[in-house]
Every structure is written in structure tokens, then in C-alpha cells.
Amino acid sequence: MPFLQENEFLDAGFVPEDRVILHADCNSFFASAESIDHPEYRKVPMAVCGDPKSRHGIILAKNDLARAYKIQTAETVYSALKKCPSLLLVPPTMGLYKRLCEQINRIYESYTDQVERFSIDESFLDVTASRPLFGTGQNIADTLRQRIRDEIGLTISVGVSYNKTFAK
């Protein structure tokens, strides 16, 4: 079901502040996903990157150990290796990412049928009508964080507001 447009929302008797929109974003998604399949990656500085040999050598995501070396997303592999010569470089595994995102979105859909995917690891959820069943937007956000950590092994950030801009 698509998000209600502002005029439809107002026609339904709600004021904008009555809406509850969540923005859910997986933290360091590609790196975190790779660490689910390869727990040993959690013990070393690691980054998911494009193939430097085919001139796509940028950092797509990194773990916390790599972040400690001030490695940044979209930085060149060359530059990252200068900061951390022992950096483990991992190619992206799109099938894994798609599978995990499907699992995550199934969890989202257990709270609302109004889920709008924004990118592979980001979604907006309109949980306005879900509050009588699941509590406040903050309660739903907290529950989503916990379930995704417990059931999938990933961490997410969730913003809560009355519109997508402020939730993000």
C-alpha cells in the first residue's frame, strides 16, 4: 500500500503531527552482512570494496576496526591501504545483501503494510495506524532494532518523526 499523500491524510482527519514515520537504515550494512557469513571479519580491519583492478576501487562499507583508522566510505582503496596496510578487502556479495534485506523487510511488514524501500538497506515505514497494536513510534523503533539484532544479527538506526524528511 502506498504512503498516504498529505491531502489524503488531512482528509482522513489527521493533522501532520499525528503521523508516525520511521526511517530505518542498516549500520555499515555491507560490512556487517559480510561479517554474518564470515565471523572472522569482526576481528580485523575490513572493508567491502569494488575491484581496484577494474578501476572501481572505492570503499563501499567498513567495519568499526577499519573506521578506527579513519577509513571512509567512497575513499579509494589505495588511500585506505595507506592508512591501514593490513586492511582486509572483501568484494561485495549482492546475493547475500538482497537475502538479508528481504528478511529485514519481512520484519518491517509485520508492523505495517506501508513500507517504502529507499535503498537496499534503507526503508521508510508509515506506522501511524500501527500504534494501537504496537505502541508509540519510539516503541516500534526500539522493537525493530531489537528484533533485527536478535533475528538477523545486524544493527539498524531508526529515526521517528511525522514526515520522511525529519525521520531521516
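Further up the page is the structure itself.
Attention here is on the structure that accompanies the text.

Rules used throughout
- Residues numbered from 1 in each chain as written.
- Predicted model: local features only at pLDDT ≥ 70, side-chain atom pairs only at ≥ 80, totals over all residues.
- Heavy atoms only, no water.
- Axes fitted to C-alpha atoms, helices over the stretch in contact; angles between N-to-C directions.
- Helix = DSSP H or I, 4+ residues; strand = E, 2+ residues; numbered from the N terminus.
- Left-handed = near helix turned anticlockwise from the far one by under 90°.
- Contact = heavy atoms within 4.5 Å.
- Nonpolar A, V, L, I, M, F, W, Y, C, P; charged D, E, K, R; others polar.
- Buried < 20%, exposed > 50% of the residue type's maximum accessible area, 1.4 Å probe, protein only.
- Pairing = 2+ DSSP bridges.
- Core = buried A, V, L, I, M, F, W, Y, C linked by side-chain atoms within 4.5 Å.

Some details on the packing of helix 5 (residues 94–109) against helix 7 (residues 137–151)
Each pair of packed helices gets described by two things: the angle between the helix axes and the distance between those axes. Across the interface, helix 5 lies against helix 7 with an axial gap of 11 Å and an inter-helix angle of 145 degrees. Along this stretch, helix 5 crosses helix 7, giving a crossing that reads as right-handed. Counted together, I104, I107 and Y108 of helix 5 and L144, R147, I148 and E151 of helix 7 form the full contact between these two elements. Per-class residue counts for the contact of helix 5 with helix 7 are 5 nonpolar, no polar and 2 charged.

Some points on the pairing of strand 6 (residues 122–126)
Along a regular strand, successive side chains alternate from one face of the sheet to the other. Taking burial as the measure, the 5 residues of strand 6 include 5 buried ones, the bulk of the element. On strand 6, burial covers both faces: E122, F124 and D126 on one face and S123 and L125 on the other are all buried. Note that strand 1 (residues 21–26) and strand 6 share 5 bridges and pair antiparallel. Its bridge partner lying in strand 6, H23 is registered against F124. The turn linking strand 5 (residues 115–119) back onto strand 6 is made up of 2 residues.

Observations regarding the environment of Y41
By the element assignment, Y41 lies in the loop between helix 2 (29–37) and strand 2 (46–49). The spacing of Y41 and V90 is 49 residues in sequence and 9.5 Å in space, taken between C-alpha atoms. Apart from the residues lying within four places of it in its own chain, the contact partners of Y41 are E34, S35, M46, N63, L88 and V90.

Concerning unusual backbone geometry
One non-glycine residue, S28, lies in the positive phi region at around 45 degrees. Along the polypeptide, S28 turns up in the loop between strand 1 and helix 2. Residue S28 is classed as partly exposed on the basis of its relative accessible area of 25%. One non-glycine residue, A74, lies in the positive phi region at around 80 degrees.

With respect to the nonpolar core
One finds L22, F29, Y108, L125, L144 and I156 to be the most contacted residues of the largest nonpolar core, which totals 32 residues. Of all the elements in the fold, those that place two or more residues in this core are strand 1, helix 2, strand 2, helix 5, helix 7 and strand 7 (156–161). Here this core gets 7 residues from one element, more than from any other, and that element is helix 5. Apart from residues no more than four positions distant in its own chain, L144 is found in contact with L22, I107, Y108, Y111, L125 and I156. One finds A47, C49, A66 and V77 within the second-largest nonpolar core, a separate group that totals 9 residues.

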